[in-house]
Amino acid sequence: MNIKYIAAVVISLTASPAFADSLHVNTDTNLDGNSWNVSNYLPLAPFETMTIEVAGSMCTLNGSFSSGNPAAGCNFTTTVGVDGVVTTTQNSPCSSSCSAE
């Protein structure tokens, strides 16, 4: 195998942007008694804090740079329930908070 080829692969893998954090946004819907969920996924570069507005609620996400361990990555899931209530969950040591506007 060609050494130049191996070096190029290693460089391209290490030069890629790191998406350590992520955000899933789920919307629960009930249409004539039939429930379904719409989900969107967004990979994110590590961040300190991010504010998102979902269904009239403001949510502050404290990303991996604010956790003191950026290598851990923060994976957030924000769900809008059928009742309009917005909840956000995440892995440890990351944190978030949401409040209705």
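Quick look at the structure, then. (Residues numbered from 1 in each chain as written. Predicted model: local features only at pLDDT ≥ 70, side-chain atom pairs only at ≥ 80, totals over all residues. Heavy atoms only, no water.)

1. As for the state of the cysteines
Then, in step 1: Under the counting rule described, the total for this entry stands at two disulfides.
Then, in step 2: Residue pairing for Cys59: its cysteine sulfur links by disulfide to Cys98, the two sulfurs lying 2.1 Å apart. The chirality of the disulfide connecting Cys59 with Cys98 is right-handed, given an S-S dihedral of about 110°. Linking Cys59 in strand E4 (residues 57-62) with Cys98 in strand E7 (residues 95-100), this pair joins segments that are 39 residues apart in sequence.
Then, in step 3: According to the relative accessible area criterion, Cys98 is partly exposed, its value standing at 30%.
Then, in step 4: There is a disulfide in this structure between Cys74 and Cys94, and the S-S distance comes to 1.9 Å. Taking the torsion about the S-S bond as the criterion, the Cys74 to Cys94 disulfide, at about -80°, is left-handed. (Disulfide = S-S within 2.5 Å. Helix = DSSP H or I, 4+ residues; strand = E, 2+ residues; numbered from the N terminus. Buried < 20%, exposed > 50% of the residue type's maximum accessible area, 1.4 Å probe, protein only.)

2. Digging into the packing of aromatic side chains
Then, in step 1: Under the counting rule described, the total for this entry stands at one aromatic pair.
Then, in step 2: Look at Phe47 and Phe76: their rings are 6.2 Å apart centre to centre, the planes differ by 35°, and that puts the pair in the tilted class. Of this pair, Phe47 sits in the loop between strand E2 (34-44) and strand E3 (49-54) while Phe76 sits in strand E5 (residues 75-80); the two residues are 29 residues apart in sequence, bridging distant segments of the chain.
Then, in step 3: The class for Phe76 is buried, based on a relative accessible area of 0%. (Phe/Tyr/Trp six-rings, centres within 6.5 Å; stacked < 30°, edge-to-face > 60°.)

None of this, on its own, says anything about what the molecule does.
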